[in-house]
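# Examination of the molecular architecture
Letter by letter, the chains look like this.
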Amino acid sequence: MGTDGGAGSDRGEAAILTTHNTFTKRKEPFAPLEEGTARLYVCGPNLYGPVHVGHAFSYAFFDVVRRYLEYRGYRVIHVQNFTDIEDRIIERAGREGRTIFDIAREYIDRFFQEMDALGIRRAHHYPRASEVIPQIIEIIQGLIARGHAYAVDGDVYYRVTSFPRYGHLSGRSLEEMQAGARVEPDPRKEHPMDFALWKTAKPGEPSWPSPWGPGRPGWHIECSAMNLQYLGPQTDIHGGGEDVIFPHHENEIAQSEAFTGRVPFVRSWIHNALMKPPVGEEMHRHLGNFVSLREALAQYDADSIRLFLLGTHYRTPLRWTDEAVPAAARGLDRLRTALANAEDAIARSSDQADGSLTEAAVRVRQVFEKAMDDDFNTPQALAALFTLAGEINKVADAVVKGTGEGRAGLWAATDTLRELARVLGLSLPRTGVDATLRPDLRALLVEARQQAQDLFPDAADGSAEEIIQTLLAGRQQARARRAYALADRVRARLGELGIIVEDLPNGARWRPAPRTTDLRGSSG
RNA sequence: GGCGGCGUAGCCAAGAGGCAAGGCAGGGGUCUGCAAAACCCCGACUCCCCGGUUCGAAUCCGGGCGCCGCCUCCA
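Here we summarise the structure given alongside this text.

Rules behind the numbers
Residues numbered from 1 in each chain as written. Chains lettered and ligands numbered in written order. Predicted model: local features only at pLDDT ≥ 70, side-chain atom pairs only at ≥ 80, totals over all residues. Heavy atoms only, no water. Helix = DSSP H or I, 4+ residues; strand = E, 2+ residues; numbered from the N terminus. Buried < 20%, exposed > 50% of the residue type's maximum accessible area, 1.4 Å probe, protein only. Contact = heavy atoms within 4.5 Å. Pairing = 2+ DSSP bridges. Axes fitted to C-alpha atoms, helices over the stretch in contact; angles between N-to-C directions. Core = buried A, V, L, I, M, F, W, Y, C linked by side-chain atoms within 4.5 Å. Domains from an automatic or database assignment. Phe/Tyr/Trp six-rings, centres within 6.5 Å; stacked < 30°, edge-to-face > 60°. Lys NZ or Arg CZ within 6 Å of the ring centre and 35° of its normal.

### Digging into the side chain of Arg39
- Mapping Arg39 onto the fold places it in strand S3 (residues 37-42).
- When its relative accessible area of 17% is taken as the criterion, Arg39 is described as buried.
- Non-local contacts of Arg39, meaning those with residues more than four positions away in its chain, are made with Glu34, Ile77, Leu231, Gln234, Thr235, Asp236 and Ile237.

Below you can see the structure in the form of structure tokens.
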């Protein structure tokens, strides 16, 4: 077995991926139920409002989990739910005179737009609670039949005392939970910790017909139904923020295992730590102190945000601040610059071999894999990338100075850097300029032509990139004539537009400045 | 009250018995018309504090101090 697509089979290493399992509180070797296939379920958002950077952290991390599993040769089946039936959405719908489906549609559209922008690969299935009502009813009926649930006045509750392992995931016993209970127990419940599987409809609320009368599902049951529907009775990895360990995931285990009889429901529970807001300790949508993903994307580019998010291990809390994120953006610039330096050096390098850099690429890949194998240690993996960038720069520097060569090694190293960065979801785009800058660039060109028409041809129809190239070419001639004032002025003006110009021995190079503020905003 | 976690350089952050990764910021130097980038050199005599175990502890044990999460909806 393991000859086709097993873990790391194409890497020749018998490395073992270990993941921290919340259920056992230990790191365990990743061993999927089905050889070569990884079933991944990630708890998705409640659609009552926009997602914030904390959600982005969770989804970006699990995106990396998926990418790494695929890098390791697994076929991944990735499912993420949308909660479109829940108290807050219903409340909001009532307040705004809309349907819950209307609200859900708005935020699903927005969700995809923002996730795409962040470079998060789409899951294979995005079931919504409202789409699995028949499966939910079937599960509830099964639970009643097996004595794990009971109906009262149109509500159905899960009987926690019927499930001996209840509390294991969150590490507490029924007695402990009762001691800390902060809500008045519903007298109709057999046990205070019994939770709702089905809620009878209140006037004006959306409802579905059921054997217990019109009503709607409780929150936890949707995920049990979706798992069963899309991944089967057992899943390899089930993830989410650590705030949903209890009661959500605890209840999922109780429902799913009691219904299917298959244990464990999930082989490895993975929970990310929560992100803190710039000020305060908890970032919550209902507290109103969150940084929305939309705001974040307006201010920073996707790679910078990802680099920031992955710079802390996923089980360590991190804080979104106006110092830390720009610092990550500048760090990202170092990675991009290394690639640009390598390309520049390759262009002027003639020989074929450079053993040291080729070896460095192999070594860095090993370090990267070792880090990722150890419970997705992205900070260490990132450090490996920076090490490789440094090695690339050294060789590129030597090539430029004429003291070294290394075309083959530079190729190998840049390929490796790009490939491993992609596993972390970093796209490291070569360049690229905001198309909305074109009018400003045009104006700058017109201004330059007024100074020296012979140096700057009128690129009236050119794209933003072409205008930049025209400006740089003219500037180069100006420099050749020692017209430094003009050359420096063009460079400074480009700088104001977020275009950094670097004069290299063989010509000028440009790149977008690390985006640490909203260039379109008032601060720019 | 119960369960769990955290405290490492100016900032962010890995490491979990054997010379304290990496990034950002900072200082000096090389290169450059200048700038930028890159390269070279420099930074915790020490990992919240106090004890203990050990040849050896940031890492293990005990006790403090400070901060936080969950126990109710939350990624």
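Back to the write-up after that little detour.
### What to know about the sheet that holds strand S10 (residues 266-272)
- Pairing within the open sheet is parallel, and its 4 strands lie in the order S4-S3-S9-S10. Whereas interior strands pair on both sides, the edge strands pair on one side only; in this sheet they are strand S4 (75-80) and S10. For this sheet, the mean inter-axis angle between neighbouring strands, taken without regard to orientation, is 20 degrees.
- Sheet topology note: the strand S9 (residues 235-241)/S10 ladder contains 6 bridges and is parallel. Note on S10: the bridge partner recorded for Thr235 is Val266.

### Side note on the nonpolar core
- Grouped together as the largest cluster of nonpolar side chains are 132 residues, with contacts concentrated most on Trp320 and Phe368.
- With 12 residues, the top contributor of residues to this core is helix H1 (residues 53-71).
- In this structure, this core is formed jointly by two domains, domain 1 (18-299) and domain 2 (318-423), each of which donates at least three residues.
- Residues within four places of Trp320 in sequence aside, it is in contact with Val53, Met275, Lys276, Pro277, Pro278, Val291, Ala296, Tyr300, Ile305, Phe308 and Val325.
- By size, the runner-up hydrophobic cluster in this structure holds 24 residues, among which are Leu441, Ala448, Ala452 and Ile499.

### Observations concerning the pairing of S3
- For S3, the tally of buried residues reaches 6 of 6 residues, placing the bulk of the element in the interior.
- Neither face of S3 is open: one carries Thr37, Arg39 and Tyr41, the other Ala38, Leu40 and Val42, and all of them are buried.
- Summarising the sheet, S3 and S4 pair through 6 bridges and their orientation is parallel. Note on S4: the bridge partner recorded for Ala38 is Val76.

### So, unusual backbone geometry
- The step from Phe246 to Pro247 runs through a cis peptide bond, and the omega angle for that step is 0 degrees.
- Tracing the backbone through its elements, the reader meets Pro247 in helix H7 (residues 245-260).
- Following Val263, the chain continues into Pro264 via a peptide bond in cis, with omega recorded as 0 degrees.
- Inspection of the secondary structure puts Pro264 in the loop between H7 and S10.
- For Asp153, which is not glycine, the phi dihedral falls at a positive 50 degrees.
- Examined against the element boundaries, Asp153 turns out to sit in the loop between strand S5 (149-152) and strand S6 (155-158).
- A positive phi angle, close to 40 degrees, is found at Leu428, a residue other than glycine.
- Looking at the secondary structure, you find Leu428 in the loop between helix H13 (407-423) and helix H14 (438-451).
- With relative accessibility at 2%, the residue Leu428 sits in the buried group.

### Things to note about the packing of aromatic side chains
- All told, the structure shown has 20 aromatic pairs when counted by the stated rule.
- Ring centres of Tyr59 and Phe111 lie 5.7 Å apart, and the angle between their planes is 75 degrees; this geometry places the pair in the edge-to-face category. On the criterion of sequence distance, the pair formed by Tyr59 in helix H1 and Phe111 in helix H3 (residues 100-117) is long-range, its members being 52 residues apart. By the burial criterion, Tyr59 is buried, and Phe111 matches it.
- Ring geometry for Tyr300 versus Trp320: centroids 6.1 Å apart, planes at 70 degrees, classification edge-to-face. Placement of the pair is Tyr300 in the loop between helix H8 (293-299) and helix H9 (302-310) and Trp320 in the loop between strand S12 (318-319) and helix H10 (324-347), with a sequence separation of 20 residues. Trp320 carries the same exposure label as Tyr300, and that label is buried.
- An aromatic cluster of at least three residues, connected via ring pairs, comprises Phe61, Phe62, Tyr68, Tyr71, Tyr314 and Phe376.
- A cation over an aromatic ring shows up here: Arg88 above the ring of Tyr48, its NZ or CZ 5.4 Å from the ring centre.

### Observations concerning the pairing of strand S2 (residues 26-29)
- Pairing of strand S1 (residues 18-21) with S2 involves 4 bridges; the strand directions are antiparallel. Of the residues in S2, the one forming a bridge with Thr19 is Glu28.
- As consecutive antiparallel partners, S1 and S2 are separated by 4 residues, and within that stretch Lys25 has a phi angle of approximately 60 degrees, a positive value.

### Observations concerning the sheet that holds strand S8 (residues 215-217)
- Spatially, S5-S6-S7-S8 is the arrangement adopted by the 4 strands of the open sheet, whose pairing is antiparallel. Strands with a single pairing partner mark the edges of an open sheet, and in this sheet they are S5 and S8. Between one strand axis and the next, the sheet turns through 20 degrees on average, direction left out of account.
- Relative to S8, strand S7 (residues 195-200) is paired through 3 bridges, and the arrangement is antiparallel. Directly across from Lys199, in S8, lies its bridge partner Arg216.
- Sheet contacts for helix H4 (residues 133-145): S5, S6, S7 and S8; angle to S7, the most-contacted strand, approximately 120 degrees.

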